[in-house]
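# A look at the structure
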Amino acid sequence: MNKSIIFTLILILLTACETGPVRREDYVAQHPEWDPQTVKLIKAGMIAKGMTREQVRAAWGRHCYTCQGTTKGTWGESLEFSTQVVFFDTNGLVTRWEHK
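A short tour of the structure in this document, coming up. (Residues numbered from 1 in each chain as written. Predicted model: local features only at pLDDT ≥ 70, side-chain atom pairs only at ≥ 80, totals over all residues. Heavy atoms only, no water.)

## Let's talk about the pattern of salt bridges
Counting across every chain of the model gives four salt bridges. Between Glu 98 and Arg 96 there is a salt bridge, and its shortest N-O distance comes to 2.5 Å. We classify Glu 98 as partly exposed; its relative accessible area is 38%. Residue classification places Arg 96 among the partly exposed positions, given a relative accessible area of 40%. (Salt bridge = Lys/Arg side-chain N within 4 Å of Asp/Glu carboxyl O. Buried < 20%, exposed > 50% of the residue type's maximum accessible area, 1.4 Å probe, protein only.)

Printed below as a string of structure tokens:
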């Protein structure tokens, strides 16, 4: 492959990657119904009890789909992130989170 083609492909992949601030702004713009305090936390990359899965995704990004800490049960669900596990109740709201 030509070096310029490889460089172009790498450049496209890098610019297409999701970054925290951009992701947060996109989610907030799509959800004007979110209260101002929640929006402030999301923009700071933080979560709080009572947030939804989508709000956590907006603040922290995608969870690990293949990690052992990502489980589902009658009690609710836990999603594993790079350094944390977040626990949701059966209504899909954050109840707590802890370090791995």
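## Some words on the side chain of Glu 77
Tracing the sequence through the fold places Glu 77 in strand β2 (residues 76-80). Engagement of the side chain of Glu 77 in a polar contact is seen with the side chain of Arg 53, the distance being 2.9 Å. Excluding anything up to four places from it in sequence, Glu 77 contacts Arg 53, Thr 71, Lys 72, Val 86, Phe 87 and Phe 88. (Helix = DSSP H or I, 4+ residues; strand = E, 2+ residues; numbered from the N terminus. Polar contact = N/O pair within 3.5 Å; in protein donor to acceptor, adjacent residues only side chain to side chain. Contact = heavy atoms within 4.5 Å.)

## Quick notes on the nonpolar core
One finds Ile 42, Met 51 and Val 56 to be the most contacted residues of the largest nonpolar core, which totals 16 residues. In this view, Val 56 contacts Ile 47, Met 51, Gly 61, Phe 81, Phe 88 and Val 94; residues no more than four positions away in its chain are not counted. (Core = buried A, V, L, I, M, F, W, Y, C linked by side-chain atoms within 4.5 Å.)

Note that every value here comes from positions in space, so none of it alone points to a role or purpose.
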